[in-house]
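# Residue-level structural notes
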Amino acid sequence: MTMNRQGRPSVPQQTTAAGHETFTGNRALTIEEPLIFETGRLDVTGVDLYAQEETPARLGGLRRRTAPHLPGLTEPEAVRHYVRLSQKNYAIDTGLYPLGSCTMKHNPRLNEKMARLPGFGDIHPLQPVSTVQGALELIHLVAEGLKVLTGMPAVAMSPKAGAHGELCGMMAIKAALRARGDARSVVLVPESAHGTNPATAALLGYRVESIPARADGTVDPEAVKAKLAPDVAAIMLTNPNTCGLFERDIIEIAEAVHAAGAFFYCDGANFNAILGRVRPGDLGVDAMHINLHKTFSTPHGGGGPGAGPVVLSEALAAFAPLPWVVSGPEGFDLVENADKAGGAHPFGRMTAFHGQMGMFVRAAAWMLSHGADGMRQAAEDAVLAANYIRASLSDLMSLPFGDRPCMHEVLFDDEFLDGTGVTTLDFAKAMIDEGYHPMTMYFPLVVHGAMLIEPTESESKASLDLFIATLRDLAMAARRGETDRFAGAPRFAPRRRLDETRAARQPVLRWSAPAPVGPEPARDAAE
Ligand SMILES: *Cc1c(COP(=O)(O)O)cnc(C)c1O
């Protein structure tokens, strides 16, 4: 294998169906795409510029003395580069995306149309409120909708992701404890939790204590009670949990937590399974983030914008962060300062402005176009689809917690691969060859070789049937000892199997110019 200057394999190892490498390295109409710095010429530019006029230098010593060494490309070259990169994305818009614990939702095109309306898309957060009444009304509408759907009295709209919402909710808890002069130092987190839960608690200076999972995959209220002590600030619990199971003892757990003077943070990333069926406020939750990008259809992934509003109980509402929207006889207004907070004690701000406006618009479009019955049906369809997959595969693939109904995602383990020489990783990579993004692997950690499958509620039965048939075929191939199909997988992807650990631990993120260009010694172009 040859490496390019950056240590990436540059000559593709893939071979054509006939077993030959191609001359170009392209694979049919899948074109190899080098870095733009490798395609571009550093000493040319793709556009004609007028000769530079002498202008007085006002930058003093900060003035650049060497060329920036940006890659020079013609317009068609630049267009092709970015179009090819965009075609390398696998997305919910290109195929079924069974990633568990992530809820890849279909984003109706209507949402995009609404988000681009000039009255929402072209406004600025610093505009006078009198000129953005419609935008404020929309934030208010989404906020009220979230309060109704969760049965909670308050919501902070500004957090920009689930993890950011966790931070917000836990900061509200910390502020409430501080207000009553109660310095508690421990946060309880079940061992099946998403990694962001202990990370959030640790970031706020709490000591994290883990609660073991029961044999059935849920949290034992007795195990929680055994850990509850005067120094416990909160428990962070996910419901439905990351094993795809509903925590049936959640009310008993909430009561025990409250009796110990602690708060109940619920990770609401899986709210899409119970939307319209269960109100977290009725379960004793004090704070819960909602991933709009998992439950209310807005796009997700690739580092794009998320939105993680946090609903808060009566006990925490007064500590919600600024700003928030209020509606009065004069129209809508923004409360931006603590002295206008009407007796509340906001703990501060999470973001510079109001949150992800575009995501609020998409969420509002989804809520209004579905209506109450439609949202409830989306949750029911998500659960139905996951159970259809579970029931259709349970004779071939192993279920760690027995063959009982799941919520919106179904968890398999690797027991069915025992003795085949095929691992969960091999199985997932073979799915890529079949045209599927793999499911979530090796998470949650409480299950050996976990495979967590979450179908989107908008998948048709035909689409689920093909997915099921594919997994059945792979499971039978593994049992028949067809290890070639797995060991080398993916065989048909632009890149074969990568050393993912090394890629994560030692990422090569910086491009270095190969040789000095121009009269003066070149600095690192990316510096
Ligand atoms: C996705 C997820 C999070 C984090 O949400 P982000 O928006 O990715 O920050 C937290 N907990 C659970 C259970 C999740 O599935």
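Computed from a predicted structure; not experimentally measured.

Cut-offs applied
Residues numbered from 1 in each chain as written. Predicted model: local features only at pLDDT ≥ 70, side-chain atom pairs only at ≥ 80, totals over all residues. Heavy atoms only, no water. Pairing = 2+ DSSP bridges. Helix = DSSP H or I, 4+ residues; strand = E, 2+ residues; numbered from the N terminus. Buried < 20%, exposed > 50% of the residue type's maximum accessible area, 1.4 Å probe, protein only. Arc of directions from axis to C-beta. Contact = heavy atoms within 4.5 Å. Near = heavy atom within 4 Å. Polar contact = N/O pair within 3.5 Å; in protein donor to acceptor, adjacent residues only side chain to side chain. Areas by Shrake-Rupley, 256 points an atom, 1.4 Å probe, with all protein chains shown as cover. Phe/Tyr/Trp six-rings, centres within 6.5 Å; stacked < 30°, edge-to-face > 60°. Lys NZ or Arg CZ within 6 Å of the ring centre and 35° of its normal. Core = buried A, V, L, I, M, F, W, Y, C linked by side-chain atoms within 4.5 Å. Domains from an automatic or database assignment. Axes fitted to C-alpha atoms, helices over the stretch in contact; angles between N-to-C directions. Parallel < 35°, antiparallel > 145°, perpendicular 65-115°, else oblique. Left-handed = near helix turned anticlockwise from the far one by under 90°. Nonpolar A, V, L, I, M, F, W, Y, C, P; charged D, E, K, R; others polar. Buried area = accessible area lost by both parts, 1.4 Å probe.

Turning our eyes to something else, we now look at the sheet that holds strand β12 (residues 451-453). As summarised here, the arrangement of the three strands in space is β10-β12-β11, forming an open sheet in which the pairing is antiparallel. Only two strands of the sheet have a single partner each, and these edge strands are β10 (410-412) and β11 (440-441). Bridge count between β11 and β12: two bridges; the pairing is antiparallel. In the sheet register, Met-441 faces β12, and the bridge partner there is Met-451.

What follows deals with helix α9 (residues 250-259). Considered for burial, the residues of α9 that qualify are Ile-250, Ile-253, Ala-254, Ala-256 and Val-257. What you see down the axis of α9 is that its buried residues fit within an arc of 165°, all on one side. Across from the buried face of α9, at angles greater than 90 degrees, the exposed residues are Glu-255 and Ala-259. Residues of α9 that are buried make contact with α8 (221-227), β4 (232-238) and β5 (263-267). Once α9 finishes, Gly-261 follows within two positions and takes phi at roughly 80°, a positive value.

Let's shift gears to the site of the ligand. The environment of the ligand is formed by 13 residues, the closest being Ser-101, Gly-162, Asp-267, His-293 and Lys-294. Between an oxygen atom of the ligand and a main-chain N or O atom of Ser-101, the distance comes to 2.8 Å. Take His-293: an N or O atom from its side chain is 2.7 Å from an oxygen atom of the ligand. In the complex, the protein chains occlude 87% of the 380 Å² of accessible area that the ligand would expose alone. Here the shell around the ligand takes three residues from helix α6 (residues 162-179), the largest share from any one element.

A few words on the packing of aromatic side chains. The full count for this structure, using the stated rule, is six aromatic pairs. Their ring planes at 15° and their centres at 4.3 Å tell us that Phe-37 and Trp-511 sit as a pair that is stacked. Taken together, the residues span a long stretch of sequence, with Phe-37 in helix α1 (residues 36-39) and Trp-511 in the segment after α16 (500-505) at a distance of 474 residues. Looking at Phe-37, the relative accessible area reads 24%, which means it is partly exposed. For Trp-511, a relative accessible area of 6% translates into the label buried. Between Phe-427 and Phe-486, the aromatic rings sit 6.2 Å apart at their centres with planes inclined by 10°, giving stacked as the arrangement. Taken together, the positions of Phe-427 in helix α13 (residues 424-433) and Phe-486 in helix α15 (residues 484-487) put the pair 59 residues apart, joining distant regions of the chain. Like Phe-427, the residue Phe-486 is buried in the burial classification. Three or more aromatic residues joined by ring pairs make a cluster, and in this case those are Phe-416, Phe-427 and Phe-486. Sitting above the plane of the Tyr-206 ring, Lys-174 keeps its charged end 5.2 Å from the centroid.

Turning to the pairing of β5, a few remarks are in order. Extensive coverage of β5 is indicated by the burial of five of its five residues. Burial along β5 is two-sided: Phe-263, Tyr-265 and Asp-267 and Phe-264 and Cys-266, pointing in opposite directions, are all buried. Looking at chain direction, β4 and β5 are connected through five bridges and run parallel. Paired with Thr-238 across the bridge in β5 is Asp-267.

The next thing to look at is the nonpolar core. Counting residues in hydrophobic clusters, the biggest one holds 59 residues, and the most contacted among them are Leu-146, Val-224, Ile-235, Phe-264, Phe-296 and Phe-360. Of all the secondary structure elements, the ones that give two or more residues to this core are α5 (133-150), β2 (186-190), α8, β4, α9, β5, β9 (331-335) and α12 (357-393). When residues of this core are assigned to domains, at least three map to each of domain 2 (110-366) and domain 3 (371-503). Formed by 32 residues, the second largest nonpolar core is a distinct cluster that contains Met-439, Ile-453, Ile-468 and Phe-486.

Turning our eyes to something else, we now look at the sheet that holds β5. Ordered in space as β1-β7-β6-β5-β4-β2-β3, the seven strands form an open sheet in which the pairing is mixed. Lying at the two open borders of the sheet, with one neighbouring strand each, are β1 (154-156) and β3 (207-211). Between one strand axis and the next, the sheet turns by 25° as a mean value, whatever way the strands run. Both strand β6 (residues 287-289) and strand β7 (residues 310-312) contribute to a ladder of three bridges, which runs antiparallel. Residue Ala-287 lies in a different strand from β7, and its bridge partner there is Leu-312.

In contact at an axis separation of 9 Å, α5 and α12 are set at 45° when each is read in the N-to-C sense. Taken together, the axes of α5 and α12 are oblique relative to one another. For the crossing formed where α5 meets α12, the hand is left-handed. Mapping the contact onto sequence places Ala-135, Leu-138, Ile-139, Leu-141, Val-142, Gly-145, Leu-146 and Leu-149 in α5 and Met-357, Phe-360, Val-361, Ala-364, Met-367, Leu-368 and Met-375 in α12. Taken together, the residues of the contact of α5 with α12 sort by class into 14 nonpolar, one polar and no charged.

According to the domain assignment, the protein chain consists of domain 1 (11-45 + 76-87), domain 2 (110-366) and domain 3 (371-503). On a C-alpha basis, the centroid separation for the pair domain 2 and domain 3 is 30 Å. Taken together, the 25 residues of domain 2 in the interface contact 21 residues of domain 3. Interface area, domain 2 with domain 3, both sides summed: about 1,800 Å², of which 64% is carbon and sulfur. If you sort the residues of domain 2 by the area they bury against domain 3, Cys-243, Asn-272 and Trp-366 come out on top, with a joint share of 25%.

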